[in-house]
Amino acid sequence: GTPGRLKDLIQQRVLQLGSFKTIVLDEADRMLDMGFIPDVRFLIDQMSKERQTLFFSATMTPQIETLARSFLRDPVSISVAKQQTAANVKQEIIKAYSPEEKHIRLTEILSSPEMRKAIIFTRTKHGAKKVAKLVRDWGFSSAELHSNRSLSQRLAALQGFKQGRHRVLVATDIAARGIDAAGIALVINYDLPAVAEDYVHRIGRTGRAGRAGKAIAIATLEERRDVRDIERLIGQM
């Protein structure tokens, strides 16, 4: 469950964690970014001191390492090289010199013969709404996934995308992790992410289970620093 929901159930006295012996903390870096760590600490305090704690994080920043030390005792650390994350994904970058040119490049990509099912990532929820409208205006069926959508709207968007009712899913980084839909041949970074590590999560939506995939980034001159950060992260120039 989510930290806040579990905390709510405990405070309602319908859930007790005292007899639980294992806790799995996934996406710890994201929970830290979103301010959920106080709730996580609350949950851990409800558990037995003699427990197994599994702690997963895509990045190991100093803040995450400090957090891990506060939760874990004599831990064993297992790391996966970042460069291997997108081994099956062919990556391409397209330069754009204006927002209008970005629109043109996106139209060309969506109109290409290889375009079957794609996720388009934007940096903001407002950008996602704008791009989704553009895609629909161009005649492509699309769904939106961002924090301005209700839970039922998010579930409907995902279901429609997975079942093929929508060829395009336009999303913020809310969809960069954990979504596994069959047949995603293309990931388009309409905006580069604010954090380089999120690029790896985004393109990981394709090229899954040994299949080949493709990721295209449309980058402006203002995003040059973001491009360099990503290149250093994945070890490709």
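Keep in mind that what you see is a predicted model, and the values were worked out from it rather than measured.

Parameters at a glance
- Residues numbered from 1 in each chain as written.
- Predicted model: local features only at pLDDT ≥ 70, side-chain atom pairs only at ≥ 80, totals over all residues.
- Heavy atoms only, no water.
- Helix = DSSP H or I, 4+ residues; strand = E, 2+ residues; numbered from the N terminus.
- Buried < 20%, exposed > 50% of the residue type's maximum accessible area, 1.4 Å probe, protein only.
- Contact = heavy atoms within 4.5 Å.
- Areas by Shrake-Rupley, 256 points an atom, 1.4 Å probe, with all protein chains shown as cover.
- Lys, Arg positive; Asp, Glu negative; His and termini not counted.
- Charge placed at Lys NZ, Arg CZ, Asp CG, Glu CD.
- pLDDT = per-residue confidence, 0-100.
- Core = buried A, V, L, I, M, F, W, Y, C linked by side-chain atoms within 4.5 Å.
- Phe/Tyr/Trp six-rings, centres within 6.5 Å; stacked < 30°, edge-to-face > 60°.
- Lys NZ or Arg CZ within 6 Å of the ring centre and 35° of its normal.
- Pairing = 2+ DSSP bridges.
- Axes fitted to C-alpha atoms, helices over the stretch in contact; angles between N-to-C directions.
- Parallel < 35°, antiparallel > 145°, perpendicular 65-115°, else oblique.
- Left-handed = near helix turned anticlockwise from the far one by under 90°.
- Nonpolar A, V, L, I, M, F, W, Y, C, P; charged D, E, K, R; others polar.

K.L.:
A description of the overall build of the protein chain should follow, citing residues and the corresponding values.
P.N.:
Within the protein chain one finds nine helices and eight strands. C-alpha atoms of the protein chain, sized along the principal axes, occupy 55 × 40 × 35 Å. The buried share of the protein chain, taken over its 237 residues, is 43%. Contacts spanning at least 24 positions in sequence make up 74% of the contacts within the protein chain whose residues lie at least 6 apart. Roughly 13,600 Å² of accessible area belongs to the protein chain as shown, and the carbon and sulfur atoms make up 51% of that amount. Averaging the coordinates of the 38 positive side-chain charges in the protein chain and doing the same for the 27 negative ones gives two points 4 Å apart.

K.L.:
Describe the confidence of the model for the protein chain, with residues and values.
P.N.:
For the protein chain, per-residue confidence averages 85 on the pLDDT scale, and residues scoring 70 or more make up 92% of the total. The secondary-structure element of the protein chain with the lowest mean pLDDT is helix H2 (residues 28–33), recorded at 75, while strand S7 (residues 186–189) shows the highest, at 93.

K.L.:
Kindly report on the environment of Phe 140, identifying the contributing residues and their values.
P.N.:
Tracing the backbone through its elements, the reader meets Phe 140 in the loop between helix H6 (125–137) and strand S5 (142–145). Linking Phe 140 and Glu 100, residues 40 residues apart in sequence, is a C-alpha distance of 19 Å. If sequence neighbours within four positions are ignored, Phe 140 has contacts with Leu 110, Ser 111, Val 135, Arg 167 and Val 168.

K.L.:
With reference to specific residues and values, describe the nonpolar core.
P.N.:
If you look at the biggest cluster of nonpolar residues, it comprises 26 residues, and the most contacted ones within it are Ile 119, Leu 145, Phe 161, Leu 169, Leu 192, Ile 203 and Ile 230. Once residues lying within four places of it in the same chain are set aside, the contact partners of Leu 169 are Ala 118, Ile 119, Ile 120, Ala 143, Glu 144, Leu 145, Ala 157, Leu 158 and Phe 161. Residues Ile 94, Met 115, Ala 132 and Val 168 belong to the second largest nonpolar core, which totals 20 residues.

K.L.:
Let's hear about the packing of aromatic side chains: which residues, and what values?
P.N.:
A complete count under the given rule lists one aromatic pair for this structure. For the ring pair Phe 55 and Phe 71, a centre distance of 6.3 Å and an interplane angle of 55° mean the geometry is tilted. One end of the pair, Phe 55, is in strand S2 (residues 52–55); the other, Phe 71, is in helix H4 (residues 62–71), with 16 residues separating them in the sequence. Here Lys 102 stacks its cationic end above the ring of Tyr 190, 4.8 Å away from the centre of that ring.

K.L.:
For the sheet that holds strand S4 (residues 118–121), give the residues involved together with the corresponding values.
P.N.:
Read across the open sheet, the six strands follow the order S3-S8-S7-S4-S6-S5; overall the sheet is parallel. In this open sheet, the two strands that pair with only one neighbour each are strand S3 (89–95) and S5. When strand polarity is set aside, the average angle formed by the axes of neighbouring strands in this sheet is 20°. With four bridges joining them, S7 and strand S8 (residues 213–219) adopt parallel strand pairing. The partner of Leu 186 across the bridge, within S8, is Lys 214.

K.L.:
Quick one: what's the story with the pairing of S4, residue by residue and with numbers?
P.N.:
Burial along S4 is two-sided: Ala 118 and Ile 120 and Ile 119 and Phe 121, pointing in opposite directions, are all buried. Bridge analysis of S4 against strand S6 (residues 168–171) gives four bridges, and the strand direction is parallel. What sits directly across from Ile 119, in S6, is Leu 169. Note that S4 and S7 share four bridges and pair parallel. Each residue of the ladder has a partner; that of Ile 120, found in S7, is Ile 188.

K.L.:
Explain the side chain of Thr 172 residue by residue, including any values.
P.N.:
With respect to the helices and strands, Thr 172 occurs in the loop between S6 and S7. The contacts of Thr 172, once residues within four sequence positions are left out, are Phe 121, Thr 122, Thr 124, Lys 125, Ala 128, Leu 145 and His 146.

K.L.:
Hey, could you go over the packing of helix H8 (residues 196–203) against helix H9 (residues 224–234) for me, with residue numbers and the actual values?
P.N.:
In the contact formed by H8 and H9, the axes pass within 8 Å of each other and the chain directions differ by 70°. In terms of axis orientation, H8 runs roughly perpendicular to H9. H8 and H9 meet at a crossing whose hand is right-handed. Where H8 approaches H9, its residues Ala 196, Glu 197, Tyr 199 and Val 200 are matched on the opposing element by Asp 229, Ile 230, Leu 233 and Ile 234. Per-class residue counts for the contact of H8 with H9 are six nonpolar, no polar and two charged.

K.L.:
Explain the packing of helix H1 (residues 3–11) against helix H3 (residues 37–45) to me, using residue names and the numbers behind them.
P.N.:
One way to put it is that H1 packs onto H3 with a least axis distance of 9 Å and a crossing angle of 45°. Here H1 lies oblique to H3, going by the angle between them. For the crossing formed where H1 meets H3, the hand is left-handed. Along its contact with H1, which presents Pro 3, Gly 4, Leu 6, Lys 7, Ile 10 and Gln 11, the element H3 presents Asp 39, Val 40, Phe 42 and Leu 43. Residue composition of the contact of H1 with H3, grouped by class: six nonpolar, two polar and two charged.

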